[in-house]
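Chains, contacts and geometry: an overview
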Amino acid sequence: MALNAIIIVLAYLLGSIPSGLIVGKLFFGKDIREHGSGNLGGTNTFRTLGVKAGLAVSIADVLKGTLAAFLPVIFEADMHMLAVGVFAVIGHMYPIFAGFRGGKAVATSGGILLAYAPLLFLFMLLFFFISLYITKYVSLSSILTAIATFIYALFTRDVPLIVVVAVLAFFVIYRHRANISRIRNKTEPKIKWL
């Protein structure tokens, strides 16, 4: 029981590592929370600091989820990888190291799936970039990918996967509420690099 609690706390703390804040301050002398959307995730890093920084932050955020999901394996604990990974996503959204102002759950959610279902992660990645190419909206592509990933999960008949992907999809859509309003109002910025 104590080990399970430690793993949950570790997963949350891993998720709480503010990759965007670290990269921004360390290499650019900028707090990205004071620029663009004010978000700590990869999208705002791309907009504020450029492609290289955005890629670095996105990869770091994915790996947070992957490492967190593997904690039960590392510690040989009787816990489901996906359940532990969810705590990393919560940490990413509400990081203790960054005043509980974090990202929008997309990359770290993907990291959990990379650990547990690599083929589903590849589907998610491919679907995201196809959506992004068509719509030019990162936010809309993220939402559509969350929905498509849930539909894919339904066909696996893996109940824990279906439940966790449903939770993650809810997180992603909920965290994009403001983006949905901006898309409706046609004020959401489009990407120019794809």
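Residues numbered from 1 in each chain as written. Predicted model: local features only at pLDDT ≥ 70, side-chain atom pairs only at ≥ 80, totals over all residues. Heavy atoms only, no water.

**Focus: the pattern of salt bridges**
For the structure shown, the criterion picks out 3 salt bridges. As a salt-bridge pair, Arg33 and Asp31 come within 2.9 Å of each other at their nearest N and O atoms. In this structure, the salt-bridge partner of Arg182 is Glu188, at a minimum N-O distance of 2.8 Å. Judged by relative accessible area, Arg182 falls into the partly exposed class, the value being 28%. Exposure remark for Glu188: the relative accessible area of 5% places this residue in the buried category. (Salt bridge = Lys/Arg side-chain N within 4 Å of Asp/Glu carboxyl O. Buried < 20%, exposed > 50% of the residue type's maximum accessible area, 1.4 Å probe, protein only.)

**A short note on the layout of surface pockets**
Put simply, the largest pocket is a space of about 900 Å³. Lining the largest pocket are 41 residues, and of these Gly42, Thr43, Phe46, Ser58 and Phe128 lie nearest its centre. Going through the elements one at a time, α3 (42-49), α4 (51-74), α6 (106-116), α7 (118-135) and α8 (138-156) are the ones with two or more residues in the lining of the largest pocket. At 7 residues, α4 tops the list of elements feeding residues into the lining of the largest pocket. Residues that form the lining of the largest pocket fall into these classes: 20 nonpolar, 15 polar and 6 charged. Here the second largest pocket defines a volume of roughly 250 Å³. Around the second largest pocket, the lining residues are Ser37, Gly38, Asn39, Arg101, Gly102, Lys104, Tyr174, Arg175, Arg177, Ala178, Asn179 and Arg182. Looking at the lining of the second largest pocket, the elements with two or more residues in it are α9 (159-175) and α10 (177-184). Per element, the largest residue contribution to the lining of the second largest pocket is 4 residues, and it comes from α10. (1 Å grid on protein atoms, 1.4 Å probe; cavity = no way out; pocket = protein on both sides within 12 Å on 5 of 7 lines; lining within 4 Å. Points joined across faces, edges and corners; volume = space filled by probe spheres on them. Helix = DSSP H or I, 4+ residues; strand = E, 2+ residues; numbered from the N terminus. Nonpolar A, V, L, I, M, F, W, Y, C, P; charged D, E, K, R; others polar.)

**Focus: the nonpolar core**
By size, the foremost hydrophobic cluster in this structure holds 25 residues, and its most contacted members are Val89, Leu113, Leu161, Leu168 and Phe171. Secondary-structure elements contributing two or more residues to this core are α4, α5 (81-93), α6, α7, α8 and α9. Ranked by residue count, the leading element in this core is α9, at 8 residues. In contact with Leu168, not counting residues within four places along its chain, are Val86, Val89, Ser109 and Ile112. In this structure, Ile7, Ala11, Met79 and Val84 belong to the second largest nonpolar core, which totals 9 residues. (Core = buried A, V, L, I, M, F, W, Y, C linked by side-chain atoms within 4.5 Å. Contact = heavy atoms within 4.5 Å.)

All we've got here are geometric facts, nothing functional implied.
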